[in-house]
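Listed here are the chains, written in short residue letters.
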There are 2 protein chains.
Amino acid sequence: MEINIQRKVLEANETQADRNRKYFSERKVFVLNMMSSPGSGKTETLSITIKRLMPHIRVGIIVGDICTRNDADRLGATGAPVVQINTDQFGGDCHLAAHLIDRAAREMDLDSLDLLIVENIGNLVCPAEFDIGENAKAVVLSVTEGEDKPLKYPLMFQVADVALLNKIDLLPYLDVDLNLAVDNIQKVHPKIPVFKISAKTQEGFEGWIGWLKGCVNG
Amino acid sequence: MEINIQRKVLEANETQADRNRKYFSERKVFVLNMMSSPGSGKTETLSITIKRLMPHIRVGIIVGDICTRNDADRLGATGAPVVQINTDQFGGDCHLAAHLIDRAAREMDLDSLDLLIVENIGNLVCPAEFDIGENAKAVVLSVTEGEDKPLKYPLMFQVADVALLNKIDLLPYLDVDLNLAVDNIQKVHPKIPVFKISAKTQEGFEGWIGWLKGCVNG
């Protein structure tokens, strides 16, 4: 029974996601859905990414959290327009659904944007199941989470178009094999681009920024 | 509509959870539900915990993952009986529900156990909503995830009876304020016991082991 209900919820979401995709496409905005576990460093990574892209690429942000405006406040400091979604008003949802993205996007002036980045709720499971009408999905994995996470949460890495391995500045203090982490990501998703970065030291951002610029201009 | 469906799923779960609790109580087994984000160090923390408790306290383990038997294999090395649940057989569920715990527990000889620890799926959101018939809930937060997580994922910290702040060995290399992390946990759940540990160096386990022994013998 639970699985049938899930299927219906996902089907309704898919319909709205297709509508969102059409709406974004008409306004020539590329939409990136950024997902990860809690505390992988999505917000800091985004903050650096936005600073490197603007003003040449005009970026807007939708931030999803169950509670707090912390991330919207941090990202607002970049000068990019930010809309915060708090799902505690909608049953405390563990993911962003397409109808919430529709509502948030209508609060923004999309005609003045080239790229809309959606920072999803910190959760390596459920957001992978919900299409929000994006053009690409990125997954961020902190090296502190261990090399085995792609094998244990394969759907997230299968649906992602690009993976960021963050916090590589901590590698000297961890018993983590970076190459094995990359191998495990590419075991569940062969040939997916993987960028090794540190949002703290800003190391490794060139490849990721290049990939993203390619998407927006492509 | 989605919220009504969620309510019905949760009500059905609650009924099974009450049945589980009665089943465990009749067998005099204390059940602990251990939850966290992916990669917080639950399995390593459990491995050390089991070694310190056994053989005086007889421990059994149920491990939940979407995929892989990695954690069951790691925990089986302690000598404790382990049952692995893989939710990819049940729609890839992002949490352990009470009916899965019922099924797994019936594979174990509960009469030979004092303590059953359930390692839930790595997810700081959904498992907090699903009562599995446990006697206590523990949340593990890695300090690498940042101090703000209790404010952003409050339900998990509200329902928990004890919190473990893990990976404190990494504090010298992080911009994280440990006291603020504790304050934020206790802001959403006043007076909850918080133990600062490192599963890597085994620092700080005395308080946590003492707390757990108190539960089992109490």
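Look a little higher up for the structure.
Quick summary incoming for the structure in this document.

1. Side note on the environment of B:H99
All names here are of chain B.
Logical step 1: Here H99 shows up in helix α4 (residues 98-105).
Logical step 2: Judged by relative accessible area, which is 34%, H99 ranks as partly exposed.
Logical step 3: Sequence spacing of H99 and M34 is 65 residues, and the spatial spacing of their C-alpha atoms is 17 Å.

2. Some points on the relation of the copies chain A and chain B
Logical step 1: Laying chain A over chain B is done by rotating through 180° and shifting 0.0 Å along the axis; what remains is an RMSD of 0.0 Å. Here the transformation between the copies is reduced to the relation of a two-fold axis.
Logical step 2: Comparing interface residues between copies, 100% of those in chain A also sit at the interface in chain B, which points to an isologous, same-surface contact.

3. Focus on the state of the cysteines
Logical step 1: For the coordinates displayed, the defined rule picks out zero disulfides over all chains.
Logical step 2: Between A:C94, a free cysteine, and B:C126, which holds the nearest cysteine sulfur, the sulfur-to-sulfur gap is 3.4 Å.
Logical step 3: On the basis of relative accessibility, which here comes to 12%, the residue A:C94 falls in the buried class.

4. A look at helix α7 (residues 178-188) of chain B
Residue and element names in this part refer to chain B.
Logical step 1: All buried positions along α7 are accounted for by L178, A181, V182, N184, I185 and V188. Down the axis of α7, the sector holding all buried residues measures 160°, keeping them to one side. Along α7, exposed side chains directed more than 90 degrees from the buried face belong to N179 and K187.

5. Side note on the interface of chain A and chain B
Logical step 1: Facing 41 residues of chain A, the contacting portion of chain B comprises 41 residues.
Logical step 2: At the boundary of chain A with chain B, total buried surface from both sides reaches about 3,300 Å², with 57% on carbon and sulfur atoms.
Logical step 3: Our count for the chain A to chain B interface comes out at six salt bridges.
Logical step 4: Notably, a salt bridge pairs A:K200 with B:D175, separated by 3.8 Å at the nearest N-O pair.
Logical step 5: On the surface where chain A and chain B come into contact, there are 10 residue pairs in polar contact (both at pLDDT 80 or more).
Logical step 6: Of all the secondary-structure elements, those providing two or more residues to the side of chain A that touches chain B are α1 (2-26), α3 (70-76) and α5 (149-152) of chain A.
Logical step 7: No other element matches α1(A), which puts five residues into the side of chain A that touches chain B.
Logical step 8: Its residues placed into classes, the side of chain A that touches chain B shows 18 nonpolar, 11 polar and 12 charged.

Reading guide: rules and limits
- Residues numbered from 1 in each chain as written.
- Chains lettered and ligands numbered in written order.
- Predicted model: local features only at pLDDT ≥ 70, side-chain atom pairs only at ≥ 80, totals over all residues.
- Heavy atoms only, no water.
- Helix = DSSP H or I, 4+ residues; strand = E, 2+ residues; numbered from the N terminus.
- Buried < 20%, exposed > 50% of the residue type's maximum accessible area, 1.4 Å probe, protein only.
- Least-squares fit on C-alpha atoms with pLDDT ≥ 70 in both.
- Contact = heavy atoms within 4.5 Å.
- Disulfide = S-S within 2.5 Å.
- Arc of directions from axis to C-beta.
- Buried area = accessible area lost by both parts, 1.4 Å probe.
- Salt bridge = Lys/Arg side-chain N within 4 Å of Asp/Glu carboxyl O.
- Polar contact = N/O pair within 3.5 Å; in protein donor to acceptor, adjacent residues only side chain to side chain.
- Nonpolar A, V, L, I, M, F, W, Y, C, P; charged D, E, K, R; others polar.

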